[in-house]
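In case you want the letters, here they are:
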Amino acid sequence: MSLVLAVVAVLTVTLLYTLFVRAKDIPAPDPVSPTRHLDERKAAIYENLRDLQFEYRVGKLSDADYAQTKLALQMELGVVVAETERVVTGKAPVPVPIAEAAASAAASQPVAANAAFLCPHCGAEFAEAMKFCGACGKEMA
Ligand SMILES: [Zn+2]
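All figures in this text were calculated on a predicted structure; none of them were measured in a lab.

About the cut-offs
- Residues numbered from 1 in each chain as written.
- Predicted model: local features only at pLDDT ≥ 70, side-chain atom pairs only at ≥ 80, totals over all residues.
- Helix = DSSP H or I, 4+ residues; strand = E, 2+ residues; numbered from the N terminus.
- Buried ≥ 20, exposed ≤ 12 C-beta atoms within 10 Å, placed from the backbone.
- Contact = placed C-beta atoms within 7 Å.
- Expected span 1.5 Å × (residues − 1).
- Axes fitted to C-alpha atoms, helices over the stretch in contact; angles between N-to-C directions.
- Parallel < 35°, antiparallel > 145°, perpendicular 65-115°, else oblique.
- Left-handed = near helix turned anticlockwise from the far one by under 90°.

### Overview of the overall build of the chain
Secondary structure assignment for the chain yields four helices and two strands. What you see in the chain, going N to C, is helices and strands ordered as α-α-α-α-β-β. Counting over 141 residues, the chain shows a buried share of 7%. Of the contacts made within the chain by residues no fewer than 6 positions apart, 47% connect residues no fewer than 24 positions apart.

### Re the environment of Gly134
Within the fold, Gly134 resides in the segment after strand 2 (125-126). Along the sequence, Gly134 and Met75 sit 59 residues apart, while their C-alpha atoms lie 4.6 Å from each other. When sequence neighbours within four positions are dropped, the list of residues in contact with Gly134 reads Met75, Gly78, Ala124 and Phe126.

### A word on helix 2 (residues 36-57)
The terminal C-alpha atoms of helix 2 lie 31 Å apart, and with 22 residues this matches the ideal 32 Å at 1.5 Å per residue to within 8%. Where helix 2 terminates, the next one or two residues include Gly59, which has phi positive at roughly 85 degrees.

### Digging into the environment of Ala124
By the secondary structure assignment, Ala124 is in the loop between strand 1 (117-118) and strand 2. Owing to 19 C-beta atoms within 10 Å, Ala124 belongs among the partly exposed residues under this scheme. Apart from the residues lying within four places of it in its own chain, the contact partners of Ala124 are Cys119, Cys133, Gly134, Ala135 and Cys136.

### Overview of the packing of helix 2 against helix 3 (residues 63-89)
Relative orientation of the contacting elements helix 2 and helix 3 amounts to 160 degrees, with a least axis distance of 10 Å. Between helix 2 and helix 3, the angle falls in the class roughly antiparallel. Of the two elements, helix 2 crosses helix 3, and the hand of that crossing is left-handed. The segment helix 2 lies against helix 3, with Leu38, Arg41, Lys42, Ile45, Asn48, Leu49, Leu52 and Tyr56 engaging Tyr66, Thr69, Lys70, Leu73, Glu76, Leu77, Val80, Glu83, Thr84 and Val87.

### Thoughts on helix 3
Given 3.6 residues per helical turn, the α-helix brings residues three or four places apart onto the same face. Between its terminal C-alpha atoms helix 3 stretches 38 Å, which fits the 39 Å expected from 27 residues at 1.5 Å a residue. The set of residues buried in helix 3 consists of Gln74, Leu77, Gly78 and Val80. Residues of helix 3 that are buried make contact with helix 2. Downstream of helix 3 by one or two residues, Gly90 has phi in the positive range, about 70 degrees.

The structure is reproduced here in structure tokens:
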């Protein structure tokens, strides 16, 4: 009689232990963030920029190398930021908003259609309207 109780008790404890441990040990299913790979890329780019800045400061890089690498990183950052924005907002792929922006810009300001698009932050020029500056990565108006 008491043996049965003991067995039941052991089984119960084992079951509870198993449930408890499993709940703790098995990592919660990763909330699949649609921007996770982008966030990681962005972090990597920022790290590269920091390294670049450091190497330039300690004199490992020429001005030209520094400028070229920095620009490449910033352009990549711009792409990642824009892609993140696109994923987060769930908007249609980039070409559509650009076409709309170009169309509305042309409609409201006929002269501006052929003008270069200037980044309000760094002054970089672009042939077509972009949501984010390819040079500094900031949002363009
Ligand atoms: Zn810019």
